[in-house]
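Structure at a glance
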Amino acid sequence: MKQIVQLLSATILASIGLAGEPTASPTPAPRFKICGWIDSGITFNPAGPQDNQNFGRFFDDRANEPLLNQFVINFERALAPQPGEFDWGFKLQFMYGSNARFIHSLGLFSNTAATSIVQPDLVEGYLNLHFPIISEGGLDLKLGKFVTLEGAETIDPHTNFFYSHTYIFNFGIPFNHTGALATLHATKWLDLMAGVTRGVNTSIDDNNDSLAFDGGIGLNFNEGKIVVAASTHIGPETPNNNHDQRYLSDITTTWKITDKLTSITDLNYARDDGASANAYGIAQYFTYAINSWLTAGIRGEIFRDDKGFYVVSFANTHDPMRALEGEPTIDPRTVSGGKTTNGAVTASVNIKPAMPKPISGLTIRPELRYDRALNGTHPFNDSSDVDQFTMGVDFVLTF
């Protein structure tokens, strides 16, 4: 579902920039491409927590410490089917950076460089097949490892307006799956997705013996100005437990209010039967394009963790994988936030200056963020404060 939102959003943005008469014979875009990016940033925390953690954060978890978040190389042959014809494509995306600590799938790089904050990962590796069957739009089948359908934000920094991520992205949805996912382009405005995966953030290994369901619907209204993506992942995720289900569900609505103003609403619900734990949240985004190189945005979020099961701060570089495997975490600074209703407000601008070739683009994302425990708990800054203020900035260089 994330991929659908990204593709539809890209189409909208491209259409805004069209001018003049169409050319008679446009040059076809190359099917195979190699591209990449470097994302590096730092998040300042004036409180200077001794554990060096910005609680509740993953990709910008380190306080007052510069990070090489991502160095990515992407190999892709995109699907471009002609009416009534079979087509194929693939994607291989490799990452080296501090973000890899959190997005590993079990069995694939999950024990590589476990003592280093900067680690390698295979983010995606799949075969894409298009069959001209059932409907005019046909059926796509994705086989391999791919990022999840759920959520408004993704691992790829290009699709996110903010450097920091929501509680929903960090704790309310998966990062990736390994399995098979079918997408039926039922009509011009309706896509239907259904598939089978090994579970949340699993690939070669699994933490139990059960499969999971992943699927949803995508709606495209008013010539792409309103896009709704609703998806769910259901299956046992507790280590060595094949019967207690975990439900991770999300609805993302993107509304292009004007050519310059965009609204995104992200609704999330998570339920773990084994822990009898629920989490639910809402995030609201508004972005406004001031000119061709400057866009301003604001995001507000409320996320409720009713048992202290979901929201956590991992201090050791391998503790995220230990938790996924069902092993005890080893760093005492790896802590839960307890039963907390988390609130956060983030303001940012995206600055995109012109860059010389071969650099294809540069995005600078400074931001101010304020987090607060709305029910009076103290999860922030060495588990001593009810709130947390941070100032961050990152640089995304594409080539």
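Attention now goes to the side chain of Arg365. Note on placement: Arg365 falls in strand E17 (residues 361–373). Judged by its relative accessible area of 3%, Arg365 falls in the buried class. A distance of 3.2 Å separates the side chain of Arg365 from the backbone oxygen of Phe162, its partner in a polar contact. Separated by 2.7 Å, the side chains of Arg365 and Asp394 make a polar contact.

The next thing to look at is the environment of Ala114. Considering the arrangement of structural elements, one finds Ala114 in the loop between helix H2 (100–103) and strand E4 (119–131). Note on Ala114: relative accessible area 21%, which makes it partly exposed. Each C-alpha atom, one on Ala114 and one on Asn316, is 9.1 Å from the other, the two residues being 202 residues apart in sequence. Ala114 has contacts with Gln119, Thr317 and His318, leaving out every residue within four places of it along the chain.

Two faces make up the sheet, and in a regular strand the side chains alternate between them. Looking at chain direction, strand E13 (residues 294–305) and strand E16 (residues 340–351) are connected through 12 bridges and run antiparallel. Opposite Phe303, over in E16, you have Asn342 as the bridge partner. In the sheet, E16 pairs with E17 via 8 bridges, with the strands oriented antiparallel. Each residue of the ladder has a partner; that of Ala347, found in E17, is Leu368.

A separate point is the nonpolar core. Grouped together as the largest cluster of nonpolar side chains are 37 residues, with contacts concentrated most on Ile155 and Phe171. Listed by contribution, the elements that provide at least two residues to this core are H2, helix H3 (167–172) and strand E12 (277–289). The residues contacting Ile155, other than those within four sequence positions of it, are Phe59, Gln70, Met95, Ile103, Val123, Val147, Phe169 and Phe175. One finds Tyr126, Phe146, Leu149 and Met193 within the second-largest nonpolar core, a separate group that totals 5 residues.

Scanning all chains against the criterion turns up 20 aromatic pairs. Here Phe59 and Phe102 contribute two aromatic rings whose centre-to-centre distance is 6.5 Å and whose plane-to-plane angle is 40 degrees, an arrangement assigned as tilted. Of the two residues, Phe59 sits in the loop between strand E1 (32–44) and strand E2 (67–77) while Phe102 sits in helix H2, which places them 43 residues apart along the sequence. With centroids separated by 6.4 Å and ring planes inclined at 20 degrees, the aromatic side chains of Phe59 and Phe175 adopt a geometry described as stacked. Highlighted residues: Phe59 in the loop between E1 and E2 and Phe175 in the loop between H3 and strand E6 (176–185), separated in sequence by 116 residues. By the burial criterion, Phe59 is buried, and Phe175 matches it. Among the aromatic residues, ring-to-ring pairing joins Phe58, Phe59, Phe102, Tyr167, Phe169, Phe171, Phe175, Phe303 and Phe314 into one connected group. Over the face of the ring belonging to Trp88 we find Arg77, whose NZ or CZ atom lies 4.1 Å from the ring centre. Note that Arg299 overlies the ring of Phe162, its terminal NZ or CZ placed 4.5 Å from the centroid.

Quick notes on the rules
- Residues numbered from 1 in each chain as written.
- Predicted model: local features only at pLDDT ≥ 70, side-chain atom pairs only at ≥ 80, totals over all residues.
- Heavy atoms only, no water.
- Helix = DSSP H or I, 4+ residues; strand = E, 2+ residues; numbered from the N terminus.
- Buried < 20%, exposed > 50% of the residue type's maximum accessible area, 1.4 Å probe, protein only.
- Polar contact = N/O pair within 3.5 Å; in protein donor to acceptor, adjacent residues only side chain to side chain.
- Contact = heavy atoms within 4.5 Å.
- Pairing = 2+ DSSP bridges.
- Core = buried A, V, L, I, M, F, W, Y, C linked by side-chain atoms within 4.5 Å.
- Phe/Tyr/Trp six-rings, centres within 6.5 Å; stacked < 30°, edge-to-face > 60°.
- Lys NZ or Arg CZ within 6 Å of the ring centre and 35° of its normal.

These figures capture arrangement, not role.
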